[in-house]
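# Observations on chain architecture
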Amino acid sequence: MKLREHTSAVLTEDLPAKRLVAGDAGTMVHVHCEHSAHEVEFLNMTGGTVAVAPVRAAQLRPVGTRGIAHACSHGIAGAGFAPFAASREYKLG
């Protein structure tokens, strides 16, 4: 599925240089030639920009109807870091 500008997408792998992890959700702000790469904006839960990152198409998936936002701290935590928000899938039981 081709992702379009102004739609949401979820990272499928970490982007350590931007302090983003797989599961973080962002908004497509630009689709590069032939959908090979995208510029994605990642926001905190109050709408502030955390990062704008170039992301390869293979590193993204569409947001599903079963996705739910998970809020957590976006900052340095020891040697690692925690994302500002992560998207996870849930199952109805």
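Structure first, text after, so check above.
Here goes a summary of the coordinates provided. Going along each chain's sequence as written, the residues are numbered from 1 onward. Where local features are concerned, this predicted model is filtered to residues with pLDDT of at least 70; where side-chain atom pairs are given and counted, the filter is 80 or more; whole-chain, interface and lining totals use all residues. Hydrogens are left out, water is left out, and the side-chain values use all remaining heavy atoms of the structure.

For the purposes of this entry, the term helix denotes a DSSP run of H or I that reaches at least four residues, the term strand denotes a run of E that reaches at least two, and both are numbered from the N terminus. Along its length, the protein carries 0 helices and 9 strands. Across the protein, helices and strands are ordered from the amino to the carboxyl terminus as β-β-β-β-β-β-β-β-β. Exposure classes here rest on a 1.4 Å probe applied to the protein chains alone. A residue is buried below 20% of its type maximum, exposed above 50%, and partly exposed in between. Looking at the protein as a whole, 28% of its 93 residues qualify as buried. Expressed as a percentage of contacts within the protein between residues at least 6 apart in sequence, the contacts between residues at least 24 apart total 41%. Throughout, a residue-residue contact means that at least one pair of heavy atoms, one from each residue, lies within 4.5 Å.

Bringing the side chain of His38 into the picture now. With respect to the helices and strands, the residue His38 is situated in strand β3 (residues 37-43). Note on His38: relative accessible area 2%, which makes it buried. Beyond its immediate sequence surroundings of up to four residues, His38 is in contact with Leu3, Met28, His30, Val31, His32, Ala53, Pro54, Val55, Arg56, Ala57 and Leu60.

Salt bridges are defined by distance alone: a side-chain nitrogen of Lys or Arg within 4 Å of a carboxyl oxygen of Asp or Glu. Counted according to the given criterion, the structure contains 1 salt bridge. With a shortest N-O distance of 3.9 Å, Arg56 and Glu13 are connected by a salt bridge. Of this pair, Arg56 sits in strand β4 (residues 49-56) while Glu13 sits in the loop between β1 (8-11) and β2 (25-31), and the two are 43 residues apart along the sequence. By relative accessible area, Glu13 is classed as partly exposed at 33%.

Here the focus is the sheet that holds β3. Being paired, for any two strands, means DSSP has found at least two bridges between them. The 5 strands are arranged β4-β3-β2-β1-β5 in an open sheet whose pairing can be described as antiparallel. Of all the strands in the sheet, just β4 and β5 (60-62) have a single pairing partner and so form its edges. The sheet shows a mean angle of 40° between the axes of neighbouring strands, taken without regard to direction. Fitting a line to C-alpha atoms yields each axis, with helices limited to the stretch in contact; the angle taken between N-to-C directions then spans 0 to 180 degrees.

Once that is clear, we can look at the pairing of β1. Across 3 bridges, the pairing between β1 and β2 is antiparallel. Counterpart to Val10 in the pairing with β2 is Ala25. Sheet topology note: the β1/β5 ladder contains 3 bridges and is antiparallel. Within the sheet, the bridge partner assigned to Val10 lies in β5 and is Arg61.

What follows deals with unusual backbone geometry. The phi angle at His6 is positive, at roughly 70°, despite the residue not being glycine. Relative to the helices and strands, His6 resides in the segment before β1. With a phi close to 60°, Arg19 is a non-glycine residue in the positive phi region. Looking at where Arg19 falls in the secondary structure, it is placed in the loop between β1 and β2.

Take it as geometry only, folks, not as evidence of what the structure does.
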